Structure formats: structure tokens, C-alpha cells
Amino acid sequence: MAPGAPALGATSRRWGEKAIHGALFAAAAVSVLTTLGILVALLRETIAFFSDVGFSHFFTDAHWSPLFNPPEYGIWQLINGTFLITGIAILLAIPLGLGSAMYLSEYASPRARKFIKPVLEVLVGVPTIVFGFFALTFITPTILKSFLGVDVQVFNALAAAIVMAFMILPTIASISEDSMSAVPQGLREGAFGLGASKFQVSTRVVFPAALSGIVASVVLGISRAIGETMIVLIAAGQKPTFGVDPKQPYETISAFIAATGKGDIPTGSTDYKTIFAAGMTLFLITLVFNVIAIRFVRKYRQVYE
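All values derive from a computational prediction rather than experimental measurement. (Residues numbered from 1 in each chain as written. Predicted model: local features only at pLDDT ≥ 70, side-chain atom pairs only at ≥ 80, totals over all residues. Heavy atoms only, no water.)

## Quick word on the packing of aromatic side chains
Item 1. What the rule picks out here adds up to nine aromatic pairs.
Item 2. With a centroid separation of 5.0 Å and 85° between ring planes, the pair formed by Trp64 and Phe256 is classed as edge-to-face. With Trp64 in strand S1 (residues 64–65) and Phe256 in helix H11 (residues 253–261), the pair connects residues that are 192 residues apart, well separated along the chain.
Item 3. Here Phe256 falls in the buried class, since its relative accessible area comes to 3%. (Phe/Tyr/Trp six-rings, centres within 6.5 Å; stacked < 30°, edge-to-face > 60°. Helix = DSSP H or I, 4+ residues; strand = E, 2+ residues; numbered from the N terminus. Buried < 20%, exposed > 50% of the residue type's maximum accessible area, 1.4 Å probe, protein only.)

If you want it as C-alpha cells, here you go:
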């Protein structure tokens, strides 16, 4: 071999690294292209919808009844139902999820952690249609009506939100626990050396240091709750409503898309285009939440680097 010539093994490693780099780039590109494809598909029909209906009706009509005569296209009723159910679910899931994460990270023994975390994550694999029927046939009649004595209708936002909270709880708990476990042990030891208690270390040292990952888990849970379909379709009812009373039935954006999309609607009609307009609205809401979360995560990640 001539002096200075690259070794055969080094050349093979470089080719292998280039292949891995290309494969990883392709995986990332597929995600970006898929998102762009979804956006293009939604945007094309959404523009056609607004050409037929106009922006003013979509944002100023008092009711959402696109399939009735005369049709009304006020999207705010669906947004109201979406935010109400998601808000209740998040209010329940955040304390339960973060409490579970803190226990698993800071208090549980290794044996308890190995048992509890997989059991908690089993909830991720439960089909959402099962959650929906559970809310309709057990939470509403047994828990809310019989046990708690709450006067709810058969279809209501409260039961849907309770079950949705348990659906997103493993997401918040698992990602938050991973973030807390990744906090350097030296931070804990330093706090203990200054006389801090276990609870003070957990809440004032570990929690702030893992804040970026915790925020990411909460945003992921919110995004999943906003886009959830089967639970709200089955348990919350399909009645577009203004209000904040969770005992009443509501319709969300995702429930409207699912219920209308399964019907016999002519392709290209205005009724057909409402599905895409509602889908674009849901897409933009989720996008706004993620942009806010990214800015928040970056801000606090710089503090703890």
C-alpha cells in the first residue's frame, strides 16, 4: 500500500457512514414530504370551499349546520366543543401524568418502576373506540350518574374528557419521566448536600431542569387530544353547541370530520369541501400549539444547558 493511501477499513467506514447519513436524511424527508402532502390536499379543497362560501360565513355565522337547509358555516361551535373537551382532559391528565412521572423518577424503587411503567404504557395500545364505548356505557351511567350523582345527558363532554385524560396520561407520564430521569444525578446530590428534602429536590431541582421535556410531553398530549376522534364521536354526541357546561353534548372538529366523511356526500360538493375546511382549521390549531411549545422549550432549554 502506498504511503498516505487510505486504509481499506477506513474507506468502508466512510461509505457506511454516508449510507447511514443518507438513510436518516431520507427518513426525515419522508416526514416533511408527508406533512407537505397533507397540507396541499387540505389547502386545495379549503380554497375551493371559501370560493363557494366566503370567509365571512365561516367566521361569523352563529351555528354550524352545513348539511341543513339553509346551511350555516359558523366553525366556532365546533372549536368551542374541541377546546372544552380538550381543556377538561388536560386539566385531569397533567397532574396525574406529572405525578406519576415524578413518582417513577424520584420515589419508586427499581422493581416498582419496572412493573408500573409498562402497565401504564399499556393504555397507549388500547384502541380509542374502546375508550369511547367505555365512556358511553360505564363512565356516564355508572360513575357520573349512579356513583357521583351528576345529572348528565347520555352523550356529554364530561365523560368524553375523563376517558380522554386517561388516553393521553401515558404520553405525558412516560415522556416526562424520561426527561426527569435524564437530569444529572449531580444536581440531586448537590441539593441533598445543601439540606434539601426529597420533595424539594423533586420540585425545585429536577422538575425545572426537565422542564423542556415536560412541556414537550404536555404539548404532545394536547395535540393528541385535539385530534382525537372516536372518543368524542361516541361519547360526546354530535350536537354543535356554544357553552361551557360539560354535562351537555358537544361536537368537535374531528367528530364532524369522521361523522360527515362516512356519509354519502358527492365529491366536489360544498358539503364535501366542509370536511377539508374543518380539517384545515384543526391543522392550524395544532400547528399554533406546537409553534408556541417549540419557542417555550427553546427558551427554557437555554437556561439549563
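Anyway, onward from the coordinates.
## Brief notes about the nonpolar core
Item 1. Counting residues in each nonpolar core, the largest one holds 60 residues, and the members touching the most others are Ile85 and Met164.
Item 2. No other element matches the 13 residues that helix H6 (residues 157–181) contributes to this core.
Item 3. Those residues in contact with Ile85, other than ones at most four positions away along the chain, are Ala157, Ala160, Ala161, Met164, Val232, Ala236 and Thr252. (Core = buried A, V, L, I, M, F, W, Y, C linked by side-chain atoms within 4.5 Å. Contact = heavy atoms within 4.5 Å.)

## Comments concerning helix H9 (residues 211–227)
Item 1. The end-to-end C-alpha distance of H9 is 24 Å, a good match for the 24 Å that 17 residues give at a rise of 1.5 Å each.
Item 2. A large share of H9 lies buried, amounting to 13 of its 17 residues. (Expected span 1.5 Å × (residues − 1).)

## Notes on a nonpolar patch on the surface
Item 1. Judged by side-chain polarity, Tyr103, Tyr107, Phe115, Ile116, Val119 and Phe199 come together as a nonpolar surface patch covering roughly 610 Å² of accessible area.
Item 2. Looking at the nonpolar patch, the elements that each hand over two or more residues are helix H3 (76–107) and helix H4 (110–121).
Item 3. Considering each element in turn, the nonpolar patch owes the most residues, three residues, to H4.
Item 4. With respect to the element layout, Phe115 can be found in helix H4.
Item 5. Accessibility expressed as a relative area gives 59% for Phe115, which makes it exposed. (Patch = residues over 30% accessible without salt bridge, like charges linked within 9 Å, V, L, I, M, F, W, Y side chains within 5 Å. Areas by Shrake-Rupley, 256 points an atom, 1.4 Å probe, with all protein chains shown as cover. Salt bridge = Lys/Arg side-chain N within 4 Å of Asp/Glu carboxyl O.)

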